[in-house]
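Understanding the architecture of this molecule
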Amino acid sequence: VGEARAAEIATVIAGQGATRDALVYLRGLGVGPATAMKIVKKYGEDTIDQVRSDPYQLHTGIWGIGWKTCDDVALRSGMRRDDPQRIDAGILHALGDSVEDGGHLHLTDVQLTAIAAGLLQTDKRTIGPRIEFLAEHGMVAREVLGRRGPCVMLPWIQASEVEAAERLALLCLTPCAEHVAAGDR
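Residues numbered from 1 in each chain as written. Predicted model: local features only at pLDDT ≥ 70, side-chain atom pairs only at ≥ 80, totals over all residues. Heavy atoms only, no water.

This part covers the pattern of salt bridges. Using the criterion set out here, one finds eight salt bridges in the structure. Salt-bridge contacts for D72 lead to K68; the nearest nitrogen and oxygen are separated by 2.9 Å. Taken together, the residues D72 and K68, both in helix α5 (residues 67-76) and four residues apart, mark about one turn of the helix. We note a salt bridge from R142 to D109, for which the minimum N-O separation is 2.2 Å. Here R142, found in strand β2 (residues 141-144), pairs with D109, found in helix α7 (residues 109-120); they are 33 residues apart in sequence, far enough to count as distant. For D109, a relative accessible area of 23% puts it in the partly exposed group. Residues joined by salt bridges that share partners form a network here, namely D109, E132 and R142. (Salt bridge = Lys/Arg side-chain N within 4 Å of Asp/Glu carboxyl O. Helix = DSSP H or I, 4+ residues; strand = E, 2+ residues; numbered from the N terminus. Buried < 20%, exposed > 50% of the residue type's maximum accessible area, 1.4 Å probe, protein only.)

Right, here's the structure in full:
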């Protein structure tokens, strides 16, 4: 075997060692074999570091991995129930889930706090400060919506609503074709 081929074989074997280590690590966190393979396929040699740094990225980054699996991985890897990263991920998941499953584009602070606290099985008092943090960092949008009061939404929803309102306002200012033809302006 030549020097180049030996180096190639060594690289493959080393990569398999990293894959094996990642699979063992994920199995230790209760992740099933098929799901573990999806994770390793996505993150490769960086799997363990990626999962340790942000287990919630699995839910948003890999199709078919749900919130519950990510949360279980986070908790089994030693994350505290009141960890800000966990609270933030739960709030964002609650908002996304509200849009996808319920069709609700906005949630009042009270609604979001109750949903997120239930999802996270944590004290409601931990949710409010994290909503504020997420708003300050542009990860959620906040506005007062009439009698509903302060509401929270995902930023892309707010941007879509603003764009739709601007287009509607422009349409309202555009003369009607029959009035233009008759000389009315």
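There is more to say after this.
One way to put it is that α5 packs onto helix α6 (residues 84-102) with a least axis distance of 12 Å and a crossing angle of 175°. By the angle between their axes, α5 is roughly antiparallel relative to α6. Across the interface between the two elements, W67, D71 and L75 of α5 pack against R86, A89, G90 and H93 of α6. Taken together, the residues that form the contact of α5 with α6 break down as three nonpolar, two polar and two charged. (Axes fitted to C-alpha atoms, helices over the stretch in contact; angles between N-to-C directions. Parallel < 35°, antiparallel > 145°, perpendicular 65-115°, else oblique. Contact = heavy atoms within 4.5 Å. Nonpolar A, V, L, I, M, F, W, Y, C, P; charged D, E, K, R; others polar.)

Here we take up helix α2 (residues 33-43). When we look at burial in α2, the residues that qualify are A36, I39, V40 and Y43. For α2, the arc enclosing every buried residue in end-on projection is 95°, short of the 170-degree limit, so these residues lie on one face. Set apart from the buried face of α2 by more than 90 degrees, the exposed residues are A34 and K41. Directly beyond the C-terminal end of α2, a positive phi value near 55° is found at G44. (Arc of directions from axis to C-beta.)

Here we take up the packing of aromatic side chains. Scanning all chains against the criterion turns up one aromatic pair. When the ring of Y56 is compared with that of W67, the centres are 5.1 Å apart and the planes differ by 25°; the resulting orientation is stacked. Of this pair, Y56 sits in the loop between α3 (47-53) and α4 (57-61) while W67 sits in helix α5, and the two are eleven residues apart along the sequence. (Phe/Tyr/Trp six-rings, centres within 6.5 Å; stacked < 30°, edge-to-face > 60°.)

Take the layout of surface pockets next. If you add up the space inside the largest pocket, you get close to 380 Å³. In terms of lining, the largest pocket is formed by 15 residues, of which the most central are H59, T60, A89, L92 and H93. At eight residues, α6 tops the list of elements feeding residues into the lining of the largest pocket. When grouped by side-chain class, the residues that make up the lining of the largest pocket number five nonpolar, six polar and four charged. (1 Å grid on protein atoms, 1.4 Å probe; cavity = no way out; pocket = protein on both sides within 12 Å on 5 of 7 lines; lining within 4 Å. Points joined across faces, edges and corners; volume = space filled by probe spheres on them.)

Another point: unusual backbone geometry. Residues other than glycine seldom take positive phi values, yet Q121 does so here, at roughly 50°. Relative to the helices and strands, Q121 resides in the loop between α7 and α8 (127-136). For Q121, a relative accessible area of 59% gives the class exposed.

Turning to the sheet that holds strand β3 (residues 150-153), a few remarks are in order. One open sheet accounts for three strands, arranged β1-β3-β2; its pairing is antiparallel. Edge positions in the open sheet fall to β1 (107-108) and β2, since each of these has one partner strand only. Running at roughly 55° to β2, helix α9 (residues 155-173) makes contact with β2 and β3 of the sheet. (Pairing = 2+ DSSP bridges.)

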